[in-house]
Amino acid sequence: MSDFDWVAGAMTSGVPWVRSSGVEFDRVDAARAVCSLPDRPDLHNHVGGPHAAMIFGLAETASGAVGLAAFGATAERATPLVVSSSVRYRALARGPLTAEAVLARPAAEVLAELDAGTRPEFTVDVTVRDAAGTDCATVTVVWTLKPVRAKQD
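Just so it is clear, the model here is predicted, and its values are computed rather than measured. (Residues numbered from 1 in each chain as written. Predicted model: local features only at pLDDT ≥ 70, side-chain atom pairs only at ≥ 80, totals over all residues. Heavy atoms only, no water.)

### Some thoughts on the overall build of the chain
Logical step 1: Of regular secondary structure, the chain possesses four helices and six strands.
Logical step 2: When the helices and strands of the chain are listed from N to C terminus, the series reads α-α-β-β-α-β-β-α-β-β.
Logical step 3: In terms of overall dimensions, the chain is globule-like: its C-alpha atoms have a radius of gyration of 16 Å, near the 15 Å expected for 153 residues.
Logical step 4: Viewed in the frame of its principal axes, the chain has a C-alpha envelope of about 55 × 30 × 25 Å.
Logical step 5: Every one of the 153 residues in the chain was classed for burial, and the buried ones make up 37%.
Logical step 6: Residue pairs at least 24 apart in sequence account for 68% of intrachain contacts in the chain once pairs closer than 6 positions are excluded.
Logical step 7: Total accessible area on the chain is roughly 8,100 Å²; 54% of this is exposed by carbon and sulfur atoms.
Logical step 8: When the 14 basic and 18 acidic side-chain charges of the chain are each reduced to a single mean position, those positions are 5 Å apart. (Helix = DSSP H or I, 4+ residues; strand = E, 2+ residues; numbered from the N terminus. Rg over C-alpha atoms; globule rule 2.2 N^0.38 Å. Buried < 20%, exposed > 50% of the residue type's maximum accessible area, 1.4 Å probe, protein only. Contact = heavy atoms within 4.5 Å. Areas by Shrake-Rupley, 256 points an atom, 1.4 Å probe, with all protein chains shown as cover. Lys, Arg positive; Asp, Glu negative; His and termini not counted. Charge placed at Lys NZ, Arg CZ, Asp CG, Glu CD.)

Here it is in structure tokens:
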């Protein structure tokens, strides 16, 4: 059992799309997450493969999983939010998909910026592969840790 098993439960219960799409969390730690999406006809596009929205959704979910694992302990003082994302569809996807998300810089650097009073940003690079191991998409997601404002009395 991993120290980060809680991430799958938190994302499945807290993000309705994750639950309804059937995303599975194969591996999660503070630097990398691997998620998978089953091959279901209701997730297909007009050419019979996973819809582009499903590919992107899987990638964004994997990026969120690694971000939550890396920065979940900051939840009381910072909210993780997506700043921007880019996707490049590289090949027609077929069958079940796997997304591998990697934190692009050490979490300690991001946390040091948060501790210094700034609103840090961090990048997660994601590769989505189909059942044959073909790289179908590459996705870059930039996140921020938005400091939680103290409540005014």
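### Examining the pairing of strand β1 (residues 24-28)
Logical step 1: Here β1 runs beside strand β2 (residues 32-37); their pairing, made up of four bridges, is antiparallel. In the strand pairing of β2, Val28 is matched with Ala33.
Logical step 2: Between β1 and the antiparallel strand that follows it, β2, lie three residues. (Pairing = 2+ DSSP bridges.)

### Points about the sheet that holds strand β3 (residues 78-89)
Logical step 1: The six strands lie next to each other as β1-β2-β4-β5-β6-β3, forming an open sheet whose pairing is antiparallel. Looking along the sheet, the strands with just one partner apiece sit at the ends: β1 and β3. Between one strand and the next, the sheet's axes are offset by a mean angle of 20°, whatever the strand orientation.
Logical step 2: Contacting β1, β2, β3, β4 (97-103), β5 (121-129) and β6 (135-147), helix α3 (residues 52-71) runs over the sheet at an angle of about 40° to β4. (Axes fitted to C-alpha atoms, helices over the stretch in contact; angles between N-to-C directions.)

### Let's talk about the state of the cysteines
Chemically, a disulfide is nothing more than a covalent bond linking the sulfur atoms of two cysteines.
Logical step 1: One pass over the structure, following the stated rule, counts zero disulfides.
Logical step 2: In this model Cys35 remains outside any disulfide bridge; the closest cysteine sulfur is found in Cys136, 16 Å from its own.
Logical step 3: For Cys35, a relative accessible area of 0% puts it in the buried group.
Logical step 4: Judged by relative accessible area, Cys136 falls into the buried class, the value being 0%. (Disulfide = S-S within 2.5 Å.)

### Things to note about the pattern of salt bridges
Logical step 1: Tallied over the full model, the rule gives eight salt bridges.
Logical step 2: A salt bridge links Glu100 to Arg32, with the shortest nitrogen-to-oxygen separation between them at 2.5 Å. Taken together, the residues span a long stretch of sequence, with Glu100 in strand β4 and Arg32 in strand β2 at a distance of 68 residues.
Logical step 3: When its relative accessible area of 23% is taken as the criterion, Glu100 is described as partly exposed.
Logical step 4: Taking the relative accessible area as the measure of exposure, Arg32 reaches 23% and is therefore partly exposed.
Logical step 5: For Glu113, the salt bridge is made with Arg105, and the minimal N-O distance between the two is 3.0 Å.
Logical step 6: Each of Arg32, Glu100, Arg129 and Asp135 takes part in one network of salt bridges that share partners. (Salt bridge = Lys/Arg side-chain N within 4 Å of Asp/Glu carboxyl O.)

### Details of helix α4 (residues 107-115)
Residues separated by three or four positions in an α-helix point in the same direction, a consequence of the helix having 3.6 residues per turn.
Logical step 1: Residues Ala107, Val110 and Leu114 constitute the buried set of α4. The buried residues of α4 occupy an angular sector of 65° when projected down its axis, which confines them to one face. Opposite its buried face, α4 presents the exposed residues Ala108 and Asp115, each directed more than 90 degrees away.
Logical step 2: Buried positions along α4 lie against α3, β3, β4, β5 and β6.
Logical step 3: The positive-phi residue at the C-terminal boundary of α4 is Gly117, with phi of around 95°. (Arc of directions from axis to C-beta.)

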